Amino acid sequence: AGLTGVLASRRFNVAAIAALGIYPICTLRDLAALAPVSMSGVVGIFVTCVVMTLRAMPGGAYSPAGKYFGSVPVELRPSFGVTGMKSPSNLLVLSSMTATAYLVHMSSPDFYQNLKSTSVREFTKLSTIGFGATALISAFMMGIGFLAFGGATQGNVLNNYSALDGGATLCRLLLGVSLLGSYGLLGNACKKAYYQLRHRGKEVTDRLHYNTSRAMVAGLTCLALLIKDAGFVVSLTGAVLGSALIYIIPPFLWLRSTKRRMDGGFLVPSKSLRLERLANRGLIGVGVILGLLGAYMS
């Protein structure tokens with residue numbers, strides 16, 4: 001009959017996964033052990049695309065007369081023709097979500113250094129294939145999810161599927177394993193950035209490594225216990241951090257770099273340079289506005 005009581009509560013399961021899964025993975029120093037997890041993610045995405053396509057077929061398992069329709073909560077059942085887009089500004093939420101694609105940039109140096117053949121050409125090829133395939137798959141899954149559930153589609157579309165749906169349960173399991181492993185990659189990148197900011201030039205001892213891992217996982221767990229809407233988290237982080245990485249930080253670094261070179265006499269000021277610097281300041285302003293609007297709409 002499954003777990004009941006406290007063992008079945010969301011908070012208990014979040015805390016258990018954090019303590020027994022996320023924390024041990026985030027303490028790994030060698031990420032080679034996570035290679036099978038990456039394969040689980042690839043298989044999980046493929047299986048999820050197939051299952052979602054089958055479930056979205058006309059007269060399928062989630063149609064009013066379908067096998068799983070009655071086992072889905074009312075608010076998660078397919079909803080079409082009830083309400084349209086309330087405002088075009090809601091598209092800002094979607095753009096904020098897509099901006100999260102840039103949040104993996106902090107791992108770029110690690111991926112580049114771990115290439116079998118380290119070169120800009122190979123890294124460009126890897127990035128093009130990776131981001132291109134991810135964009136196509138994301139667009140497909142977003143579209144097929146909406147075709148199945150319409151206005152009731154959740155930020156995490158797998159939440160729409162019945163707990164009795166074996167295919168959807170398999171998808172949750174495979175993607176859950178992949179998601180769990182991704183904490184190791186992101187956690188490693190975050191810790192490296194922290195060490196460079198606060199402990200530059202110092203040895204990263206085991207004590208520092210484990211204390212940093214504990215603090216990071218504890219903070220993430222507290223947020224997970226407080227926030228339930230995955231769509232809100234994705235759109236908010238995309239609006240704030242995505243906008244910063246796309247529109248704000250690159251032009252800011254370029255402005256600082258050109259100013260330092262001009263002050264040192266290595267770069268001659270010119271009309272085109274002044275215009276370019278002005279354009280970069282404008283880009284920073286655009287990033288701030290989009291970030292604030294996206295965060296507000298989220």
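> Pulling in residues and values, what's your account of the overall build of the chain?
Scanning the chain from terminus to terminus reveals nine helices and zero strands. In the chain, the order of α-helices and β-strands from amino to carboxyl end is α-α-α-α-α-α-α-α-α. Along the three orthogonal principal directions, the C-alpha set of the chain runs to about 75 × 50 × 40 Å. Evaluated residue by residue, the chain yields a buried proportion of 28% over its 298 residues. Sequence-distant contacts in the chain: of pairs separated by 6 or more residues, those separated by 24 or more amount to 73%. Surface summary for the chain: the accessible area is close to 19000 Å², and the carbon and sulfur share equals 68%. If the 27 positive side-chain charges of the chain are averaged to one point and the 10 negative ones to another, these points end up 5 Å apart.

> Help me get a handle on the packing of aromatic side chains, residues and values and all.
Under the criterion given, the structure shown has seven aromatic pairs. Aromatic side chains Tyr-62 and Phe-149 sit 5.4 Å apart centroid to centroid with 65° between the ring planes, which places their arrangement in the edge-to-face category. Residue Tyr-62 is located in the loop between helix H2 (35-55) and helix H3 (91-98), and its partner Phe-149 is located in helix H5 (residues 120-149); the two are separated by 87 residues in the primary sequence. No difference in accessibility class separates Tyr-62 from Phe-149, as the two residues are buried. When the ring of Phe-149 is compared with that of Tyr-161, the centres are 5.0 Å apart and the planes differ by 90°; the resulting orientation is edge-to-face. With Phe-149 in helix H5 and Tyr-161 in the loop between H5 and helix H6 (166-198), this pair connects stretches of sequence that are twelve residues apart.

> Just give me the short version of the nonpolar core, but keep the residues and values in it.
The biggest cluster of nonpolar side chains holds 20 residues, and the ones touching the most others in it are Val-47, Met-52, Tyr-62, Phe-149, Tyr-161 and Cys-171. Every element with two or more residues in this core is listed here: H2, H5 and H6. With residues near it in sequence (within four places) discarded, Phe-149 still touches Tyr-62, Leu-76, Arg-77, Pro-78, Ser-79, Phe-80, Asn-160 and Tyr-161. Core analysis: the next-biggest nonpolar cluster, separate from the first, contains five residues, Ala-18, Ile-22, Cys-26 and Val-217 among them.

> Pulling in residues and values, what's your account of the pattern of salt bridges?
By the definition in use, this model includes three salt bridges. Here Asp-165 makes a salt bridge to Arg-55, at a shortest N to O gap of 2.7 Å. Placement of Asp-165 in the loop between H5 and H6 and of Arg-55 in helix H2 is noted, with a sequence separation of 110 residues between them. The same class applies to Asp-165 and to Arg-55, which are both buried.

> Explain the environment of Tyr-112 residue by residue, including any values.
With respect to the helices, strands and loops of the structure, Tyr-112 is situated in helix H4 (residues 108-113). For Tyr-112 and Gly-285, which are 173 residues apart along the polypeptide, the C-alpha to C-alpha distance reads 31 Å. In this view, Tyr-112 contacts Thr-118, Ser-119, Val-120 and Phe-123; residues no more than four positions away in its chain are not counted.

> Summarise a nonpolar patch on the surface; cite the residues concerned and give the values.
On the surface, a nonpolar cluster with roughly 440 Å² of combined accessible area is contributed by Leu-220, Leu-223, Leu-226, Ile-227 and Val-233. Element by element, the count of residues in the nonpolar patch is highest for helix H7 (residues 206-226), at three residues. A relative accessible area of 40% means that Leu-220 is categorised as partly exposed.

> I'd love a proper account of the packing of H2 against H6, names of residues and values included.
Put simply, H2 and H6 touch, their axes get as near as 8 Å, and they point 150° apart. Regarding the angle of H2 to H6, the classification is roughly antiparallel. With respect to the hand of their crossing, H2 and H6 are arranged in left-handed fashion. Two secondary-structure elements touch here, H2 through Val-37, Ser-40, Gly-41, Val-43, Gly-44, Ile-45, Val-47, Thr-48, Val-51 and Arg-55 and H6 through Gly-167, Ala-168, Leu-170, Cys-171, Leu-174, Leu-175, Val-177, Ser-178 and Gly-181. Looking at side-chain class alone, the contact of H2 with H6 contains eleven nonpolar, seven polar and one charged residues.

> Provide a residue-level description of the state of the cysteines, including the pertinent values.
All told, the structure shown has zero disulfides when counted by the stated rule. Free cysteine Cys-26: the closest other cysteine sulfur is in Cys-190, separated by 8.9 Å. By relative accessible area, which is 37% here, Cys-190 ends up partly exposed.

So, how was this worked out
Residues numbered from 1 in each chain as written. Predicted model: local features only at pLDDT ≥ 70, side-chain atom pairs only at ≥ 80, totals over all residues. Heavy atoms only, no water. Helix = DSSP H or I, 4+ residues; strand = E, 2+ residues; numbered from the N terminus. Buried < 20%, exposed > 50% of the residue type's maximum accessible area, 1.4 Å probe, protein only. Contact = heavy atoms within 4.5 Å. Areas by Shrake-Rupley, 256 points an atom, 1.4 Å probe, with all protein chains shown as cover. Lys, Arg positive; Asp, Glu negative; His and termini not counted. Charge placed at Lys NZ, Arg CZ, Asp CG, Glu CD. Phe/Tyr/Trp six-rings, centres within 6.5 Å; stacked < 30°, edge-to-face > 60°. Core = buried A, V, L, I, M, F, W, Y, C linked by side-chain atoms within 4.5 Å. Salt bridge = Lys/Arg side-chain N within 4 Å of Asp/Glu carboxyl O. Patch = residues over 30% accessible without salt bridge, like charges linked within 9 Å, V, L, I, M, F, W, Y side chains within 5 Å. Axes fitted to C-alpha atoms, helices over the stretch in contact; angles between N-to-C directions. Parallel < 35°, antiparallel > 145°, perpendicular 65-115°, else oblique. Left-handed = near helix turned anticlockwise from the far one by under 90°. Nonpolar A, V, L, I, M, F, W, Y, C, P; charged D, E, K, R; others polar. Disulfide = S-S within 2.5 Å.

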